[in-house]
Amino acid sequence: MSIGQFAYANNSNRFLAAPALQDHAFAVAGVPFDGAVTNRPGARFGPQEIRRASLMLCDGLHPVFHVTPLGVLGDAQDMRLPNASPLADVRAEIERQASALMAAHHCVFIGGDHSVTLPLLRAAKARHGELALVHFDAHCDTWEDHFGEPSGHGTWTYEAIQEGLVSAAHTVQIGLRSSGARAAREYVKDQGGLIYTARELRGKDGSGLYSLIEDIKARIGERPCYLTLDIDCLDPAFAPGTGTPEPGGMSSSQVLTFLEELAPLHWIGMDCVEVAPAYDHAELTSTAAATFIWTYLCAQVAKLAL
Ligand SMILES: [Mn+2]
């Protein structure tokens, strides 16, 4: 036996130290683009930090789902993107690469700023049809323009509904709390969807969230569902390393309760975005992101065994 067999895999640059992507059922891919932020940039470095934080999760079974994604997971590394090109060109390239990955794998994408979700949804809609959407965020991302520009990291939800990528009635936003015009903040609700603001979630944890989670499951039913998780849904105490932090947010345990209890939905993919390591402390933010992605993957892998 070589000593390497026993070494803790802290030198891998792949999620959970998984192998390079081949014919695995599940794929992780980085989308290192942060050219559409309004405030602090840096989310292009999110994927590599989240991968590094994931390494402590690489050896063992999930405590709720009793599985590991290792064996069915490969890491596709980061997309290579035309970072200095117009946003539409960057998004076209993200969509092209995401489509190729989705054709062969159940995909988890690691951002990147939240503008990357629009092309990921375009690729997912082409494959699965109109999607249900579960959207964790401090921000509604339903602004009709981006400080005078047509699109950015705060417009994609509006655009996804307008384009028919997601069904407004089956869109659920969780954790919202930022300032903004009422028309933007309540857009999804006005279109027939569900919003649970961070204020409504105050003091609710564990079983205190179950009835709300049952409402979400009843609303979405069997529809193909996409998860987008902006790390700034968390309070900055749990996730300081992000571009647009908003105090008064969710706790890590609240998000984990949602992810664990919503596991039965027909998930077709997810992204986790807006981790900006330069503003992080003690790897809090990247560790939270890695744990959320790991929880999602374990929930899906557990279903394979049923
Ligand atoms: Mn946000």
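Scroll up a little and you will see the structure.
None of the values given here were measured: they were computed from a predicted structure. (Residues numbered from 1 in each chain as written. Predicted model: local features only at pLDDT ≥ 70, side-chain atom pairs only at ≥ 80, totals over all residues.)

Participant: How should unusual backbone geometry be read in this particular structure?
Facilitator: A negative phi holds for most residues other than glycine; trans holds for most peptide bonds. Of note, the amide linkage connecting Gly111 to Gly112 takes the cis form, showing an omega dihedral of 10°. With respect to the element layout, Gly112 can be found in the loop between strand S3 (106-111) and helix H3 (117-128). Backbone geometry at His66 places phi at a positive 60°, although glycine is not the residue there. Locating His66 in the fold gives a position in the loop between helix H1 (46-54) and strand S2 (73-78). Residue His66 is classed as exposed on the basis of its 11 C-beta neighbours within 10 Å. Look at Ala282: it is not a glycine, yet its phi comes out positive at around 55°. By the element assignment, Ala282 lies in the loop between strand S8 (267-273) and helix H10 (284-304). (Helix = DSSP H or I, 4+ residues; strand = E, 2+ residues; numbered from the N terminus. Buried ≥ 20, exposed ≤ 12 C-beta atoms within 10 Å, placed from the backbone.)

Participant: Help me understand the pairing of S3 in this model?
Facilitator: Within a regular beta strand, the side chains point alternately toward one face of the sheet and then the other, so they alternate between its two faces. With 6 of 6 residues buried, S3 lies mostly within the body of the structure. Taking every second residue as pointing to the same face, both faces of S3 are buried, with His106, Val108 and Ile110 on one and Cys107, Phe109 and Gly111 on the other. Note: strand S1 (residues 26-31) against S3, 6 bridges, orientation parallel. Bridging across to S3, Phe26 finds its partner in His106. Alignment of S3 against S8, held across 4 bridges, turns out to be parallel. In the sheet register, Ile110 faces S8, and the bridge partner there is Cys272. (Pairing = 2+ DSSP bridges.)

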